[in-house]
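Breakdown of the fold
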Amino acid sequence: DPTPLAERLQELGGCELERLAMCPQVVGVFRSVPRPPMEVALRTSCCRRCFAGVDAAVDGEVVRSFGDSGRMEFRRRRNG
């Protein structure tokens, strides 16, 4: 039994690569890749040093604390 590509070559004649290059093709599978976490740093405007141990608040409620490094990471909601 000939391969599907060989069968198509016999049916249509010519080079299959030329036909593939002429029109859009879908080859493979799309898999979403998890997005890396977003890093936020709270820094001074003068010397760009990080503030350590500061809390981030929304509407007066502490949401998260900056670590000893003065940075925090947020996981992103969507992948891909």
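So, how was this worked out
Residues numbered from 1 in each chain as written. Predicted model: local features only at pLDDT ≥ 70, side-chain atom pairs only at ≥ 80, totals over all residues. Heavy atoms only, no water. Buried < 20%, exposed > 50% of the residue type's maximum accessible area, 1.4 Å probe, protein only. Helix = DSSP H or I, 4+ residues; strand = E, 2+ residues; numbered from the N terminus. Pairing = 2+ DSSP bridges. pLDDT = per-residue confidence, 0-100. Contact = heavy atoms within 4.5 Å. Polar contact = N/O pair within 3.5 Å; in protein donor to acceptor, adjacent residues only side chain to side chain. Salt bridge = Lys/Arg side-chain N within 4 Å of Asp/Glu carboxyl O.

Here we take up the pairing of strand S3 (residues 61–65). Within S3, only 0 of the 5 residues are buried, which leaves it mostly out in the open. In the sheet, strand S2 (residues 55–58) pairs with S3 via 4 bridges, with the strands oriented antiparallel. Across the sheet, residue Ala-57 finds its bridge partner in S3, namely Val-62. A loop of 2 residues connects S2 with S3, the two strands running antiparallel in sequence, and Asp-59 in this loop sits at a positive phi of about 55°.

Our focus in this paragraph is the confidence of the model for the protein. Looking at the protein as a whole, the pLDDT averages 79, with 95% of positions reaching at least 70. Per-element mean pLDDT across the protein ranges from 76 in helix H2 (residues 16–22) up to 84 in strand S1 (residues 38–41).

The next thing to look at is the environment of Thr-44. Within the secondary structure layout, Thr-44 lies in the loop between S1 and S2. Sequence separation between Thr-44 and Pro-24 is 20 residues, and the spatial gap between their C-alpha atoms is 51 Å. If near-sequence neighbours (up to four positions away) are discounted, Thr-44 is found in contact with Arg-49 and Phe-51. Of the polar contacts made by the side chain of Thr-44, one reaches the backbone nitrogen of Cys-47; its length is 3.5 Å.

Oppositely charged side chains can form a pair if their charged atoms are brought close together. Counted by the stated rule, this structure contains 1 salt bridge. The partner of Arg-71 in a salt bridge is Glu-39, with the nearest N and O atoms 3.7 Å apart. Taken together, the positions of Arg-71 in strand S4 (residues 71–74) and Glu-39 in strand S1 put the pair 32 residues apart, joining distant regions of the chain. Look at Arg-71 and you get partly exposed, because its relative accessible area is 38%.

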